[in-house]
Amino acid sequence: MSKFLIIYSTTDGHTKKICQRIKNFLTDGNLVELLSLEDAQKIDLSNFEKIIIGASIRYGKHSKELYKFIELNKNILNEKENVFFSVNVVARKPEKNTPDNNPYITKFLKISKWKPKKIGVFAGKVDYPNYNFFDKYIIKFIMFITKGPTDTSQSYEFTDWSKVDDFSEELKNNY
Ligand SMILES: Cc1cc2nc3c(=O)[nH]c(=O)nc-3n(C[C@H](O)[C@H](O)[C@H](O)COP(=O)(O)O)c2cc1C
């Protein structure tokens, strides 16, 4: 039995949903705590053996708070089994959905200087009806130029849940 901590950095909740799925998978046989990045700042990370951080992209970036958290906790993260994954919509494309070819993972590794022992990338969700006017039309434009869906009356979930389950299975067996 291992003690896992799963931390999510989310704006619209989709990364939390993916983390919840990973948690449900790992809970069978392990102790698993799921916390927001904000709440994770208030606890002692040394109580956990394995730490997983999932974070989403907004306008080309992971959040500043994520980088701050990693900078502050780099040493303790490196003492543990540690995992990072990113959630973004370019990952809906096969040529951008692995840690080696997703541009946001490349950028993350350059900026954070933390080398997670395992890295994942999952396609997120475009949730037009819940976006404000500005975001809705910017995302619609980005979708248009990247040949994605542009009907703003709909939500589009691109996440491949079997890929999330396979990732969780690897975490269960190898970490
Ligand atoms: C305002 C906004 C900006 C976004 N910018 C990007 C982007 O630059 N690149 C990308 O691949 N996905 C982008 N996305 C897609 C999000 O990464 C995707 O919706 C993800 O599921 C959000 O996860 P969250 O709900 O955990 O924040 C953007 C989404 C929104 C709403």
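Preceding this paragraph is the structure being described.
Remember, predicted model here, so these are calculated numbers, not experimental data.

A.B. asks: Got a minute to help me understand a nonpolar patch on the surface in this structure?
C.D. replies: Where nonpolar side chains cluster on the molecular surface, the patch consists of Tyr59, Phe134, Phe141, Ile142, Phe144 and Ile145 and spans about 680 Å² of accessible area. The residue Phe141 is located in helix H5 (residues 133-145) in this model. By relative accessible area, Phe141 is classed as exposed at 52%.

A.B. asks: How should the packing of aromatic side chains be read in this particular structure?
C.D. replies: Between two aromatic rings, the relevant description is the distance of the centres plus the angle of the planes. Summed over the entire model, instances satisfying the criterion amount to ten aromatic pairs. Aromatic side chains Phe108 and Trp114 sit 6.2 Å apart centroid to centroid with 80° between the ring planes, which places their arrangement in the edge-to-face category. Trp114 carries the same exposure label as Phe108, and that label is buried. Relative to Tyr131, the ring of Tyr128 lies with its centre 6.4 Å away and its plane at 75°, an arrangement referred to as edge-to-face. Grouping aromatic residues by their ring pairs yields a cluster made of Tyr67, Phe84, Phe108 and Trp114. Here the basic side chain of Arg92 rests over the ring of Phe158, its NZ or CZ set 5.6 Å away from the ring centre.

The rules behind these values
Residues numbered from 1 in each chain as written. Predicted model: local features only at pLDDT ≥ 70, side-chain atom pairs only at ≥ 80, totals over all residues. Heavy atoms only, no water. Patch = residues over 30% accessible without salt bridge, like charges linked within 9 Å, V, L, I, M, F, W, Y side chains within 5 Å. Areas by Shrake-Rupley, 256 points an atom, 1.4 Å probe, with all protein chains shown as cover. Salt bridge = Lys/Arg side-chain N within 4 Å of Asp/Glu carboxyl O. Helix = DSSP H or I, 4+ residues; strand = E, 2+ residues; numbered from the N terminus. Buried < 20%, exposed > 50% of the residue type's maximum accessible area, 1.4 Å probe, protein only. Phe/Tyr/Trp six-rings, centres within 6.5 Å; stacked < 30°, edge-to-face > 60°. Lys NZ or Arg CZ within 6 Å of the ring centre and 35° of its normal.

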